[in-house]
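Breakdown of the fold
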Amino acid sequence: MTSWVVYILFLISGVSGLVYQVIWVREFGSVFGNTVHSASAVTAVFMCGLGVGSFVVGRFSDRRHRNDLRQPLRAYGVFEIGIGLLGLGVALALPELEGLSAHFSQYELGREGWFELTAASHLFRYAAALLLLAPITFLMGGTLTLLIRYVVADDLGATGWRVGALYGVNTLGAALGAFATDFALIPNLGILKAELVAVALNGIAGVGALLLAARRGEAGSAALAETEEDVDAPRDAAADHRVAGTAATLFATGFVAMGFEIVWFRYLISGLGAQRSIFSLLMGVILVGIALGSILGGHLVRRHGKPVPLFLGAQTSFIFVALAPMAAFGSDLFRVVLEGTPSSLRVVAEIALSLPAITAVVGLGALLMGCTFPFANAHVQRVRASVGGRAGALYLANTFGNVAGSLVTGFLLLPTLGQQRSLAVLTGCGAIALVPLYLSSRSRKEAGPAEEGEAVSPRFFAACIAGILLCLGGWLALPEHHLLNAVRQQPGSETGQRVVAISEGINESIVVLERIGERALYTNGHSMSATGFAAQRYMRLFAHFPLLNAEDPRSVLVICFGVGTTLHAASLHPSVERLDVVDLSKNVLRQAHYFSETNRDVLEMDRVSVHVNDGRQHLRMQPPASYDLITLEPPPIAHAGVASLYTTEFYSLARSRLGEGGFMTQWLPAYQVSTEVNLSIIRSFLEVFPNAALLSGFKRELILVGSTGPAPQLDPARIRERLDRNPALREELEAMGAGSLTALAAAFVAGPLALEQATRDVRPVTDDLPLMEYSPDAIHFGTRLPRAIFDSWELRTWCPGCFDGRRPIADLAELTDLVAALRSYHQSDGFLDFPRLGTNTRYEPPPPLPGTPCRLQSVRDSRYFTEIFGCQDGG
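Residues numbered from 1 in each chain as written. Predicted model: local features only at pLDDT ≥ 70, side-chain atom pairs only at ≥ 80, totals over all residues. Heavy atoms only, no water.

**What to know about the overall build of the chain**
Going by this rule: Put simply, DSSP H or I for four residues or longer makes a helix, DSSP E for two residues or longer makes a strand, and each gets a number counted from the N terminus. The rule is simple: take the accessible area with a 1.4 Å probe, protein chains only, and divide by the maximum for that residue type; under 20% is buried, over 50% is exposed, in between is partly exposed. Every residue pair with non-hydrogen atoms within 4.5 Å of one another is taken to be in contact. Accessibility throughout is a Shrake-Rupley quantity obtained with a 1.4 Å probe, and a residue counts as covered only by protein chains that appear here.
Within the chain, the secondary structure is distributed over 33 helices and 18 strands. Split into buried and exposed, the 875 residues of the chain put 63% on the buried side. Within the chain, residue pairs in contact and separated by at least 24 positions form 80% of the contacts whose partners lie at least 6 positions apart. Carbon and sulfur atoms make up 59% of the accessible area of the chain, which totals about 32,000 Å².

**What to know about the sheet that holds strand β4 (residues 509-515)**
Defined as follows: The pairing criterion for strands is at least two bridges between them, as found by DSSP. Axis definition: a line fit to C-alpha positions, over the contact stretch in the case of helices; interaxial angles, taken between N-to-C directions, run 0 to 180 degrees.
Read across the sheet, 4 strands follow the order β3-β4-β5-β6 without closing on themselves; strand pairing throughout is antiparallel. Edge strands, defined here as strands with exactly one partner in the open sheet, are β3 (498-504) and β6 (526-530). Mean inter-strand twist for the sheet, computed between neighbouring axes without regard to direction, equals 25 degrees. Judged from the 4 bridges that link them, strand β5 (residues 518-523) and β6 form a sheet pairing that is antiparallel. Paired with Thr-523 across the two strands is His-526, which belongs to β6.

**Side note on the packing of helix α22 (residues 648-656) against helix α23 (residues 675-688)**
Just so we agree on the cut-off: Helix crossings are classified by the rotation of the near helix relative to the far one: an anticlockwise turn of less than a right angle makes the crossing left-handed, while a clockwise turn makes it right-handed. Nonpolar residues are Ala, Val, Leu, Ile, Met, Phe, Trp, Tyr, Cys and Pro. Charged residues are Asp, Glu, Lys and Arg, and all others, Gly as well, are polar.
Interaxial distance between α22 and α23 falls to 8 Å at its minimum, and their mutual angle equals 35 degrees. Once α22 is placed against α23, the crossing between them reads as right-handed. Contacts between α22 and α23 involve Thr-648, Tyr-651, Ser-652 and Arg-655 from the first element and Ile-681, Ser-684, Phe-685, Glu-687 and Val-688 from the second. Here the contact of α22 with α23 is built from residues that sort into 4 nonpolar, 3 polar and 2 charged.

**Some remarks on the pattern of salt bridges**
Selection criterion: Salt bridges are defined as contacts in which a side-chain nitrogen from Lys or Arg sits within 4 Å of a carboxyl oxygen from Asp or Glu.
For the structure shown, the criterion picks out 25 salt bridges. For the salt bridge of Asp-182 with Arg-26, the shortest nitrogen-to-oxygen distance reads 3.7 Å. Here Arg-26 lies in helix α1 (residues 4-32) and Asp-182 lies in helix α6 (residues 159-189), a separation of 156 residues in the sequence. A salt bridge links Arg-784 to Asp-833; the shortest N-O distance between them is 2.6 Å. With a gap of 49 residues between them, Arg-784 in strand β15 (residues 783-784) and Asp-833 in strand β18 (residues 833-834) connect regions that are remote in the sequence.

**A short note on the sheet that holds strand β14 (residues 748-750)**
With mixed pairing, the 10 strands of this open sheet are ordered in space as β1-β2-β9-β8-β7-β10-β11-β13-β12-β14. Looking at the sheet topology across the chains shown, the edges are occupied by β1 (107-109) and β14. Across the sheet, the axes of successive neighbouring strands diverge by a mean angle of 25 degrees, strand direction being ignored. Pairing geometry for strand β12 (residues 693-698) and strand β13 (residues 701-707), over 5 bridges, is antiparallel. The residue of β13 that forms the bridge with Phe-698 is Glu-701. In the packing of helix α17 (residues 533-549) onto the sheet, the strands contacted are β7 (555-559), β10 (627-632), β11 (658-669), β12 and β13, and the crossing angle to β12 comes to about 145 degrees.

**With respect to the nonpolar core**
Selection criterion: Buried Ala, Val, Leu, Ile, Met, Phe, Trp, Tyr and Cys residues form a nonpolar core when they are joined through side-chain atoms within 4.5 Å.
Counting residues in hydrophobic clusters, the biggest one holds 130 residues, and the most contacted among them are Trp-24, Ile-148, Phe-260, Trp-264, Phe-318, Val-362 and Leu-423. When neighbours within four sequence positions are excluded, Trp-24 is seen to be in contact with Val-42, Phe-46, Val-90, Leu-94, Leu-133, Ile-136, Thr-137, Met-140 and Glu-195. Counting 127 residues, the second-largest nonpolar core is a separate cluster that includes Phe-542, Phe-561, Leu-653 and Trp-798.

**As for the confidence of the model for the chain**
Test applied: A residue's pLDDT is simply how confident the predictor is in it, with values from 0 to 100.
With 86% of its residues at a pLDDT of 70 or more, the chain has an overall mean of 85. Residue range residues 220-235 is modelled with pLDDT below 50. Its contacts to residues more than four positions away, or to other chains, number 25 contacts. Per-residue pLDDT stays below 50 along residues 838-844; that stretch engages in 15 contacts with residues further than four places along the chain or on separate chains.

**Some points on the packing of helix α24 (residues 716-725) against helix α25 (residues 727-735)**
Where we set the bar: Throughout this description, any angle smaller than 35 degrees is read as roughly parallel, any larger than 145 degrees as roughly antiparallel, any in the 65 to 115 degree range as roughly perpendicular, and the remainder as oblique.
Two elements in contact, α24 and α25, have axes whose closest approach is 5 Å; the angle formed by their N-to-C orientations is 110 degrees. Relative to α25, α24 is oriented roughly perpendicular. In this structure, α24 uses Arg-720, Leu-723, Asp-724 and Arg-725 to contact α25, whose residues at the interface are Pro-727, Leu-729, Arg-730 and Leu-733. By residue class, the composition of the contact of α24 with α25 is 4 nonpolar, no polar and 4 charged.

**Here's the deal with the state of the cysteines**
Rule in force here: For the purposes of this analysis, a disulfide is any pair of cysteine sulfur atoms at a distance within 2.5 Å.
Under the defined criterion, the tally for this structure stands at 2 disulfides. There is a disulfide in this structure between Cys-799 and Cys-802, and the S-S distance comes to 1.7 Å. In this structure the cystine formed by Cys-799 and Cys-802 twists about its S-S bond by roughly 65 degrees; its chirality is therefore right-handed. As far as the burial class goes, Cys-799 and Cys-802 line up, both buried. There is a disulfide in this structure between Cys-854 and Cys-871, and the S-S distance comes to 2.0 Å. Taking the sign of the S-S torsion, -75 degrees for the link of Cys-854 and Cys-871, the bridge is left-handed. Residue Cys-854 is found in the loop between β18 and α32 (857-860), and its partner Cys-871 is found in the segment after α33 (863-868); the two are separated by 17 residues along the sequence. Here Cys-854 matches Cys-871 in class, with each residue buried. In the chain, the bonded cysteines, numbered by position in the sequence, are linked as 1-2, 3-4.

**Thoughts on a nonpolar patch on the surface**
Applicable threshold: By definition, no residue in a patch forms a salt bridge, and every one has over 30% relative accessible area; like charges are joined within 9 Å, nonpolar side chains (Val, Leu, Ile, Met, Phe, Trp, Tyr) within 5 Å.
A contiguous nonpolar surface patch, about 290 Å² in accessible area, is contributed by Val-52, Val-56, Phe-251 and Phe-400. Its place among the elements puts Phe-400 in helix α14 (residues 387-432).

**Considerations on the pairing of β7**
On a regular strand, one side chain projects to one face of the sheet and the next to the other, so that they alternate. Of all 5 residues in β7, 5 are buried; the element is thus mostly enclosed. Neither face of β7 is open: one carries Ser-555, Leu-557 and Ile-559, the other Val-556 and Val-558, and all of them are buried. Pairing geometry for β7 and strand β8 (residues 578-583), over 5 bridges, is parallel. Within β8, the position partnered with Ser-555 by the bridge is Arg-578.

**Points about the pairing of β6**
Burial runs high along β6: 4 of the 5 residues are buried. Two successive antiparallel strands, β5 and β6, enclose a turn made up of 2 residues, where Asn-524 displays a positive phi of approximately 50 degrees.

**Some points on the packing of aromatic side chains**
Filter applied, for reference: In this scheme Phe, Tyr and Trp rings, the latter by its six-membered ring, pair at centre separations within 6.5 Å, and the angle between planes marks the pair as stacked below 30 degrees, edge-to-face above 60, and tilted otherwise. Any Lys NZ or Arg CZ that is within 6 Å of a ring centre and within 35 degrees of that ring's normal is treated as a charge sitting over the ring.
In total, this model carries 28 aromatic pairs according to the counting rule given. Here Tyr-538 and Trp-667 contribute two aromatic rings whose centre-to-centre distance is 6.3 Å and whose plane-to-plane angle is 10 degrees, an arrangement assigned as stacked. Within this pair, whereas Tyr-538 is found in helix α17, its partner Trp-667 is found in strand β11, the two being separated by 129 residues in sequence. For the pair Tyr-538 and Trp-667, a shared accessibility class is recorded, and that class is buried. Aromatic rings pair up to connect Phe-533, Phe-698, Phe-790, Tyr-825, Phe-831, Tyr-864, Phe-865 and Phe-869 into one cluster. One residue, Arg-537, lies across the ring of Tyr-864, its end atom 3.8 Å from the ring centre. Here Arg-863 stacks its cationic end above the ring of Phe-533, 3.9 Å away from the centre of that ring.

**Topic: unusual backbone geometry**
Positive phi, close to 50 degrees, is recorded for Lys-306, a residue that is not glycine. As for its placement among the helices and strands, Lys-306 is situated in the loop between α10 (276-304) and α11 (307-329). Residue classification places Lys-306 among the partly exposed residues on the basis of a relative accessible area of 43%.

Right under this line is the structure:
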């Protein structure tokens with residue numbers, strides 16, 4: 001009887017494997033850019049390595065470990081130790097590749113006139129992933145077939161059950177690894193130490209297997225009977241046909257399953273958010289489903305036999321349960337989730353908030369996906385001498401199908417057909433996938449009467465195909481853009497809004513909405529930018545604050561295009577000769593014309609160069625001192641991957657690309673993350689720009705400003721001169737409620753001394769410890785802004801020219817009164833507290849402070865100040 005210890009060891013191995021995979025995806029994103037190509041490279045190499053390793057090692061084990069049960073177990077132990085050593089090597093090597101990344105990356109001009117990475121640049125990424133990850137993933141794949149060889153032994157009748165149990169516990173370990181990595185290991189230990197935990201787990205599994213093999217002694221070394229070896233000889237053709245047909249079906253079902261997973265991810269993040277916790281929960285639920293399905297499949301085939309009918313029925317049922325929740329619930333699924341009341345415990349609350357929706361969409365589908373591997377093995381395993389090779393061949397086919405499904409769905413189906421029609425194509429493929437398995441079962445009649453009972457009747461096969469086609473017909477009958485309609489029904493959306501455009505690309509689904517007073521850009525269900533007064537004010541000030549005060553700014557880099565607001569603002573400064581914009585998404589850039597009233601078709605300007613790339617990767621490709629201003633307003637800062645633009649390492653890179661006296665401005669939406677993470681972000685900025693200042697863009701939309709020269713300062717004389725020479729710039733600032741020197745100076749929130757004091761004992765956000773990705777989702781959980789960062793006592797250091805001695809100069813006479821009023825506003829509980837949102841809770845702005853501020857002329861002249869002080873009626 002196979003020891004239960006083997007299953008425990010393989011569960012531990014599964015934990016380790018997913019810790020590696022989750023970390024590798026994010027580290028490759030940091031090193032080579034957070035692009036879909038980087039993620040695809042890691043996923044493709046990981047899956048292909050597993051498949052090739054399982055096949056090659058399975059064939060090898062069949063030849064070398066035929067008669068000694070200790071040998072595959074001993075080899076497994078050696079493999080686990082090897083995985084740990086290679087994992088340690090990868091952990092140490094990956095961060096050192098950043099320099100190579102820039103050296104081997106180049107731009108070329110694409111068909112749309114934008115600079116894109118060359119094919120050679122992408123090839124380098126795939127080659128780097130292959131060289132680093134192929135050896136370790138090869139060993140990972142080999143562990144599966146080594147243990148299949150061990151647990152099956154000579155009891156071929158138990159193949160389905162034992163393979164199902166083994167694969168199930170390993171996948172269950174993988175699910176634990178997915179949960180643990182992002183909910184425990186990285187938030188508490190950092191990325192490197194999390195990888196070391198995975199290395200230690202490999203060591204435990206390896207040493208445990210070696211000890212177990214040694215304890216078996218001669219009990220496992222006796223030669224096994226070889227009568228089966230000769231039985232298969234006259235049946236080679238039928239056996240080969242059976243394996244080939246089953247492998248073809250596993251390839252196709254792997255293709256379909258991974259395609260569905262890609263669409264599931266996009267659908268769910270559109271409704272739940274793109275936070276790291278959502279990705280971890282989704283991956284974890286899928287893996288738990290596969291694990292339970294594998295165990296269930298092994299049990300069913302042990303109890304009932306007939307693996308082929310079970311396989312066909314499971315795949316037919318998969319199509320139904322995979323489509324039904326999305327067809328039935330639509331956006332109502334997310335409405336129910338958002339109405340839930342979260343717990344005070346972060347991890348418990350995040351799981352409780354999102355788990356019901358994730359489980360409803362993917363749970364049953366993942367369960368049925370897991371059944372296929374034990375069913376397939378039960379169908380083909382009839383000869384002890386080829387157990388490992390056949391299991392490896394099936395796993396290889398399935399993993400190759402997974403890779404093909406992810407690439408075709410992500411790069412072809414979604415950009416050309418969209419989510420809804422992509423699922424229709426995948427459903428059709430699901431019907432075709434059943435054909436090879438059915439044909440392979442018919443050929444089994446040649447093997448003798450004992451196996452004829454496993455053949456599938458034409459009626460049952462036809463019923464399965466008909467069931468899938470009925471699902472396809474029902475899916476095609478849904479309204480167009482059924483899955484994207486969730487955007488228009490999210491909490492807080494305006495009534496009467498109109499969809500202007502819908503577009504789906506490689507990275508995201510985009511909806512352009514027309515609503516009262518503005519147009520808005522939504523990507524994957526979440527607002528990214530808009531043309532309303534609030535968004536326009538702070539996005540334009542990203543550029544205006546530094547460019548009004550820079551000595552002679554010539555070159556500007558804008559990271560993240562949005563709707564083009566910041567880029568257009570920078571274009572209003574005539575000294576700027578070079579305007580570079582970097583965005584990951586061509587699809588976002590293609591929507592620019594819908595916002596031309598705001599961006600004035602800025603992408604068509606001769607001095608504007610568009611680069612389709614990751615912002616961090618672009619900076620590495622530039623020589624030192626390339627820019628006078630670097631400014632960025634990424635997606636919501638708690639979203640997965642955005643932390644790479646807020647770490648100390650990123651700021652150091654950006655500073656190295658700024659010229660002497662160059663500026664950097666960084667968006668700080670303080671209401672999107674916890675108090676602690678706000679302070680950590682500021683700490684990271686101060687580590688590189690110790691002279692930084694914090695400004696107010698619009699209410700809680702804050703702006704960090706740093707410089708490579710002296711502390712950022714407002715120069716009244718320079719600003720007057722530049723505004724006098726540039727009426728268009730003055731007009732824009734007046735429209736933003738920032739047309740006077742008083743209004744510009746009053747944007748000051750805190751200086752470097754106040755920020756240093758507030759963050760003195762705070763951990764910074766780093767590449768190794770991306771704290772902001774593990775902050776509670778403030779939109780759902782609420783937050784409180786840190787009071788300590790709203791301290792304007794250093795106003796004179798921000799604008800020394802605004803004062804004559806202790807008093808403001810004549811045309812800024814109201815400055816101290818206005819700043820005092822703003823300080824009271826910023827330190828009020830109504831401003832600092834940000835309540836959680838739900839479908840029955842709309843965001844309310846901080847309460848106005850009527851009274852004295854409304855008597856100030858500088859307040860009455862500014863739309864922004866009259867709004868926040870409640871002076872619309874004249875005070």
